[in-house]
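This is what each chain is made of:
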Amino acid sequence: MNVVPLNMNANCDTTCDPVLRAGNTNCAGCGMSIGLQWFSEVFRDSKPILAIPACCGIVTAGAFPTSAYSVPIAATTFASAAAVATGLRSVALMNTEENVTVCWAGDGGTYDIGLATLSAAAERNEDIIYICYDNEIYGNTGGQRSSATPEGVVTSTTTSGKSERKKDIMAIMAAHHIPYAATLSVAHREDFIRKLEIAKKTKGFRFLLMLSPCPTGWKSEPEDGVDLIRYAVRCGLFPLYEVYDGDRYRINVERDQTSIEEYITRQRRYTKGSILAEELTQLIDARWQKLKRIVRAFPADDNKV
Amino acid sequence: MARKLVSGNQAAGHTLAVAGEANREARGCICGAYPITPQTEIIEFLRAYEFTKGRVVPVESEHSAMAVCMGGSLAGARSVTASSSNGLAYMTENVFAAGYYRLPIVMIAVNRTLGPPWNIWVDQGDSLMLRDAPWLQFYTESHQDLVDTILLAFRVAEDPRILLPAMVAMDGFVTSHTQMGVDLPEQELVDRFLPHCIVPHRLRSDHPTTIGGLTWPKETEHHRIEIQRAMERVPEVLAEAISEFEEIFGRRPHGLLSAEHTEDADVILVASNSMARTLRGVVESRREAGEKIGMIKAKTFRPFPREAFESAVGKTAKVGVLDRNHSPGSGGIFWQEIVTSLRNQPDTMVQDYLVGLGGGDVTPEILHEIVDDLISRSKSVEPVWKEVASR
Amino acid sequence: MTEVTICGRGGQGGVTLAKLIATSYFLQGKDVQAFGVYAAERSGAPLQAFVRIDDEEITNHNQIKCPDHVIVLDRTLISPGIAVGAKSSGWIVLNTPQAPEDFAELFPGRQVATVDATSLAVSHKLGTRSVPIVNTTMLGAIGEVFGITLEEIEASLAELRFGEPNVTSARQAFQQVRKVKLSGHVTEIPTPQVRQKIAGLLDEDQGLPPKIKTGSWATQQPERRQLTPPCNDGCPAGNDVRAFVEAVGKKNYSRALEILLETSPLPGVCGRVCPAPCMEACNRSELDESVNIRDLERYAAEHGEWPVATTPWRSERIAVIGSGPAGLSAAYQLAKQGYRVTIFEAGKQLGGVMRTGIPAYRLPPDILDYEISHILDHGVEAITGCKIDRKKLLELSHEFAALFVGTGLQNIRTADLGTEANDAVQEGIEFLDRARLGEERCDDERVIVVGGGNTAMDASRTAQRLGAKSVRVIYRRTRDDMPAISEEIAEALEEGVIIEELVSPIRITPMGSGVGLLCQRMRLGEPDESGRPRPIPETTDDAFFEMPCDRVILALGQSHDLSILPEGAELKDGDTLVGLFGAPIFSGGDFAGNDGTVSAAIGSGHKAALHIHQTLSGDTGTPSTTNPVAEPNVIHMNLFNCSVQAKPVEIPMNKRRSSFAETKLGLRDLPGVSQAAMEAQRCFNCGTCNSCNRCMDYCPEGIVYKEGGEYRFDYSYCKGCGLCSTQCPRGVIYMSEL
């Protein structure tokens, strides 16, 4: 909980600091920072240890020997977060230590370079919480495409809009039959916190995917970030759902009549005419039909969860 | 002490296991394991071993194997792994990371030719590729040397004055798959020899730090100097460890290097791994024939013991280096290091011989030829290829 | 060699500016370098970039410590520190709206140039609103200062593919830059050369937070404000609507009632009959439907615990003439202030038009009785059946310390329906009063009601209940122009009343067993002084027609009877009447020209009571400042989910025709669910912080905190992203430019 102003750095009391302290170097309006504040609310007292691969999430820690994080952090090589976390957690378990091992990674370290490591850790059902803050871009290097970049988006390596579709990482993770996988929205706080609480109670590999607004990469106003995610959820672009054991699905927020226009017109990464709202709407419709079919066929039993 | 007939891999596996088990009352042992020929048997041995407090994680790649070791070590456990050839190449990023993190991980490198084209046989190019990583490197000639060196590696790597990872190399197949008699260390003695592994900068909730984050030039430079200073302390720490080893195990392993018949030698040959043993037989026979031939077994490659080489060579006029490795465009890697070590001895001629690359069979006859060649030379030339496989 | 240091923020284009400057010299054949300091800082963080220019080959690659010139792209970065090490012969070029002379204290003895590049960049839409990109604009100013020609500047821009509007912006900056050599002596601040201990990787002393005061990145900061909710603004009674609704939302019904009773003694009445301008003003109607404030008020009156009444403690006696809502409100407020109040009522019972004019199916008399008795509990005396005329009023003015006149509208507006007009024609007010007393029946009658106000609606619906065969309302304008509460019109129609629009009565004619009403059709013309379209009689042959009927009820409105007042008295709502002797006399309610609603009369009575108190006590109170009204555009509607307004339970239609039982029964709770609380929770709390915590919850930096129940911001770390403001649903937090 954000209880205390953090302007008394000299002798900071780490027991009341949030996981990500003030004075970090994330951009103003960074979605990851919001995610970390909420993560902090749920996990601050659970002695979290974070493995963070190369991404903005580690740069924000600041320069050695300081740390903007108030919890132990292993800054891992790009592809290694889930494997380093495996080592950390294994040793914690064999020493019956009560702490939580968390991977906090961007889309590059999750969808792309770290995918094999992530997949292996998930397959081994390591007792790790893996949180991907997905800003759909290689933000740390200044905004290049990733496999999480959605269709149509302009990046410095897709200057006329990405022609390929965004990778469905949730489907990949569900295919690992991990105990819990869920999507997170920084505009839906209750749902976000609830899912973190479920992740906290669950044993084994837990995967959480958070769509993270990135004013710098999305070329949007910092103050719009949360609203953008709300539109993304409402118009159906980013469904909020959860998957138990890879085969029991639940949608948490249904899409409504919100138009994709609300989302794309506020971001200059979309406004070069590289994709039309109608095309996106069709893609969204198709994805929702698929998701709905899956949920109907494999519903999560509310009593069982 | 039980003397057993085992393969080099089994000897290594056993030693890693008892060393890991020796940390059972501390924070345990962790291993990230991924198989590759000819190292595979070590991984199988470790997976089968029942640790009191330990885990062998079957990962999906060497890169993750080292990452698991790093995680384990960052959590304070004794961490071990093993690899070979392209596995080491794939692991390289994390090999460097483990060193820069100052994590005392011990890794067995079973030397194998890098490919493709695929070649599974011995060549030291894989571990020597990692010569610029912040790791200690030891090269072993036999099962006993291997076993003893692994134990020394833990002692030195985990010493608070050092805190660097250590690599122990053996020849693929020639050592790894050859059954030989060896005194396998018993748990009780290993428990005495190895103190609990303490990683002072392990991640602790009561002292939260970010390890491995952004570091400015001035701190980075300082950290590099710290690593160099730690490397420079190895000879002293290793010597202490050997003395204690002798007390407990009743035998005295080689240290930085082993200089044999060098005091009065006209020519000295330098070799490492199993080739050093073959060379010993050749040197002994030439000595019996009255020739003043000496040898140096190169064991510690990182840190490179320049002073020890300088004093072992002394005023000897001719030194021949046997390199089972090749740095294209340059030559043998041991040769480069030895030439640097003898930079203040202009009267000594140093000749490099590239021998047994790609797993070529190195026979005593070939080594005799090299000795003859060296004796006959008055001036060193570019590294000489002794092609052995085509015979 | 010339060396330049550029101080800017991540995202402002400082490195590109370095390249632009270098390019302009490069194109002249000079050897140049342009480079930045690359680190981990992000958008908004202070950064440096450098330029080297020389005629000879430049061989060194180190960062510049002692530049010839310093350029500052962001005015928040201007500090003595930027000039440290700079040569006094060079220029300091600042992006600021200030004049160079303003920096005499900051940079004494230096050559300083200033230009408002941010305004220029914003005017040319360069960059985003939060981070305007000023580099190309600054190039113009720098060019002027360094002696680069406009042609060379444009060539440099073209080389880096900058077209319009960058070129225009640069050209304007070239023209607008102001330069001056400041007086005084350059203070050479020595660069501190403290050799600090360098941390080792294994050192214990690690993990302290970085000492980066990210507040310095901000270009804007959040502030809090209080706005007036539109419902409060719209309530004629002056109720704190938002606050009582919030209390209902928290199921604290007694608190809700307490808040209502601050300003109105008649919440149960208003909760039934008020046209609810608050609901009309409610911002929620922009999203879905307004909050059902009227029924919430009724709910609070029904479910809250009525507080114990106070007793008078002052000696002054005050007379209140008339016991309608204005008089009761004035009496109540004065009694609460400790005055001894006596009400004089001409009728037999208290309540005025609320009793005589509003039928029981809208306002059951027991509700009125209860609320009046609560007023009387405050030590208010009431004398009924006592009509006060001019003479009596003057007498009272010598007995009482102050008088309040709220006698409403006593003159009935009527129409001359010709010589045949007889018993069949009746005044609406009279009809309603008789109906109330059970003195009327309309069995099998065809009833015509003339008028479009609430009395017309009440009369028509009452006639239905009294057994009429048919009831028609004729009105000379259209339904949309009727002054009656729209809901009442709708309910009348539901109950079977027929409305004939654009019809005006002419005269009564005999017809069969009953009479006929000759009518004339109307059409709508230009708006009249009331703002409504003026009805114009049609003159065609078929414009005249007769409607058979048995009874015609006239509901044409009333006006006030000023005969009670001394001659020459001027009527001013709530104010002292001018030109009188004796005690001051105040007036209010419909009598003083209010709009005919109970709530307006309550507000008027309250206002008069305040004036009376101020006049008698000399206590002018603290002047209240009125905050601006929270307009819909400050409310973040997207943060709310659409929901349906909770509607009151109504009795079925078939029971209404024959019964005067109340038609609406208010909000009904479901088992375990308070319908009222849920409805109240739909309230946006416009412009008022209700401690929803969202500013804290959505702050990415975690620097919003609560102190003494108030949210505060740690400005030393606030990066100024503005999320607290966009996530504040009610427009309380706004961003102010630094």
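How each quantity is defined
Residues numbered from 1 in each chain as written. Chains lettered and ligands numbered in written order. Predicted model: local features only at pLDDT ≥ 70, side-chain atom pairs only at ≥ 80, totals over all residues. Heavy atoms only, no water. Contact = heavy atoms within 4.5 Å. Buried area = accessible area lost by both parts, 1.4 Å probe. Salt bridge = Lys/Arg side-chain N within 4 Å of Asp/Glu carboxyl O. Helix = DSSP H or I, 4+ residues; strand = E, 2+ residues; numbered from the N terminus. Nonpolar A, V, L, I, M, F, W, Y, C, P; charged D, E, K, R; others polar. Phe/Tyr/Trp six-rings, centres within 6.5 Å; stacked < 30°, edge-to-face > 60°. Lys NZ or Arg CZ within 6 Å of the ring centre and 35° of its normal. Expected span 1.5 Å × (residues − 1). Buried < 20%, exposed > 50% of the residue type's maximum accessible area, 1.4 Å probe, protein only. Polar contact = N/O pair within 3.5 Å; in protein donor to acceptor, adjacent residues only side chain to side chain. Pairing = 2+ DSSP bridges. Axes fitted to C-alpha atoms, helices over the stretch in contact; angles between N-to-C directions.

Caption draft 1: The interface of chain A and chain C, seen in detail. Each partner contributes residues to the interface: chain A has 48 residues there, and chain C has 46 residues. At the boundary of chain A with chain C, total buried surface from both sides reaches about 3900 Å², with 53% on carbon and sulfur atoms. For the pair chain A and chain C, the interface holds one salt bridge. C:Asp697 is paired through a salt bridge with A:Arg189; the nearest N and O atoms lie 3.1 Å apart. At the level of secondary structure, the elements contributing two or more residues to the side of chain A that touches chain C comprise α1 (31–43), α2 (56–59) and α9 (225–234) of chain A. For the side of chain A that touches chain C, the per-class residue count stands at 22 nonpolar, 17 polar and nine charged.

Caption draft 2: Representation of the packing of aromatic side chains. Tallying each qualifying case throughout the model produces 30 aromatic pairs over all chains. Through a chain of ring-to-ring contacts, the aromatic side chains of B:Tyr139, B:Phe301, B:Phe304, B:Phe309 and B:Phe334 assemble into a single cluster. The ring centre of A:Phe43 lies 5.9 Å from the NZ or CZ of A:Lys200, which sits over that ring. Here the guanidinium or amino end of A:Arg269 rests over the ring plane of A:Trp218, the centre of that ring lying 4.0 Å away.

Caption draft 3: Structural detail: helix α3 (residues 62–74) of chain B. Residue and element names in this part refer to chain B. For α3, spanning 13 residues, the distance from its first C-alpha to its last is 18 Å, which sits close to the expected 18 Å at 1.5 Å a residue. Across the 13 residues of α3, 13 count as buried, placing the element largely inside the fold. Two residues or fewer past α3, Gly-76 is found with a positive phi of approximately 100°.

Caption draft 4: Spatial organisation of the interface of chain B and chain C. Counting from both sides, the interface comprises 17 residues of chain B and, opposite them, eleven residues of chain C. Viewed at the interface, chain C and chain B are joined by zero salt bridges. Inspection of the chain B/chain C interface yields four residue pairs in polar contact (both at pLDDT 80 or more). If you tally residues by element for the side of chain B that touches chain C, the top one is helix α8 (residues 217–232) of chain B, at five residues. Its residues assigned to classes, the side of chain B that touches chain C comprises seven nonpolar, five polar and five charged.

Caption draft 5: Representation of the sheet that holds strand β3 (residues 46–54) of chain C. All names here are of chain C. Read across the open sheet, the seven strands follow the order β2-β3-β1-β4-β5-β6-β7; overall the sheet is mixed. Among the strands making up the open sheet, the edge pair consists of β2 (31–36) and β7 (178–181). Averaged over neighbouring strand pairs, the angle between their axes works out to 15° when direction is ignored. Sheet topology note: the strand β4 (residues 69–72)/strand β5 (residues 91–95) ladder contains three bridges and is parallel. Residue pairing in the sheet places Val-72 in a bridge with Leu-94 of β5.

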